[in-house]
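Structure assessment
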Amino acid sequence: SCRYQLILHESYLSWSRRTFGSRAILVQDWAPAHSSRATAGYVGRESIQVEAWPPESADLNPIETVWALLKRWLTNHWKPTSLDHLEEGVHHWWNTHLTQEVCIRLIERMQTKMREI
């Protein structure tokens, strides 16, 4: 939580205020660092507007689906036997299976879900 607050302080605050002014909204899920009392206090003191996001919502965050697809492929097809083999598998999948078409499909799916909400 302290490290997250430091990141917000050193990176997010100046960038968001410079870029969006008072319209800036921080979107975060309910990860422990995001939802701790200390972070809530910091966000309140700095007057940061926050939008709560469902945790690990694959329907709303395409990267969650990417991680799930990668994990499934590694488990069912690559079956890593060491850390180096795992890293090799991640690079292989990322460069051969995560195509532009897949990314577009995931983003379109997210946009459809956002309209439903």
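Report follows, based on the coordinates. Counting from 1, residues in each chain are numbered in the order their sequence is written. Given that this is a predicted model, residues contribute local features only at a pLDDT of at least 70 and side-chain atom pairs are listed and counted only at 80 or more, while totals for whole chains, interfaces and linings are drawn from all residues. Hydrogens and water molecules were not included; the side-chain quantities draw on all heavy atoms of the structure.

A look at the environment of Arg37
Selection rule: Secondary structure elements follow DSSP: runs of H or I no shorter than four residues count as helices, runs of E no shorter than two count as strands, and numbering proceeds from the N terminus.
Locating Arg37 in the fold gives a position in helix 3 (residues 37-45). Along the sequence, Arg37 and Gln100 sit 63 residues apart, while their C-alpha atoms lie 40 Å from each other.

Side note on the packing of helix 4 (residues 62-78) against helix 6 (residues 100-116)
Quick note on the threshold: Lines fitted to the C-alpha atoms define the axes, with helices restricted to the stretch that makes contact. Angles between their N-to-C directions range from 0 to 180 degrees. Geometric relationships in this document are graded by angle, where less than 35 degrees denotes roughly parallel, more than 145 denotes roughly antiparallel, 65 to 115 denotes roughly perpendicular, and other angles denote oblique. By the definition used in this description, the sense in which the near helix is turned from the far one sets the handedness, with an anticlockwise turn below a right angle giving left-handed and a clockwise turn giving right-handed. Contact between two residues is taken to exist if any of their heavy atoms lie within 4.5 Å; hydrogens are not considered. Each residue is assigned to one class: nonpolar for Ala, Val, Leu, Ile, Met, Phe, Trp, Tyr, Cys and Pro, charged for Asp, Glu, Lys and Arg, and polar for all the others, Gly among them.
Their axes nearest at 9 Å, the elements helix 4 and helix 6 cross at an angle of 130°. Between helix 4 and helix 6, the angle is such that the two are oblique. In this structure, helix 4 crosses over helix 6, and the sense of that crossing is right-handed. Counting all contacts with helix 4, which are made through Pro62, Thr65 and Val66, the residues of helix 6 involved are Leu106, Ile107, Arg109 and Met110. For the contact of helix 4 with helix 6, the residue count by class is 5 nonpolar, 1 polar and 1 charged.

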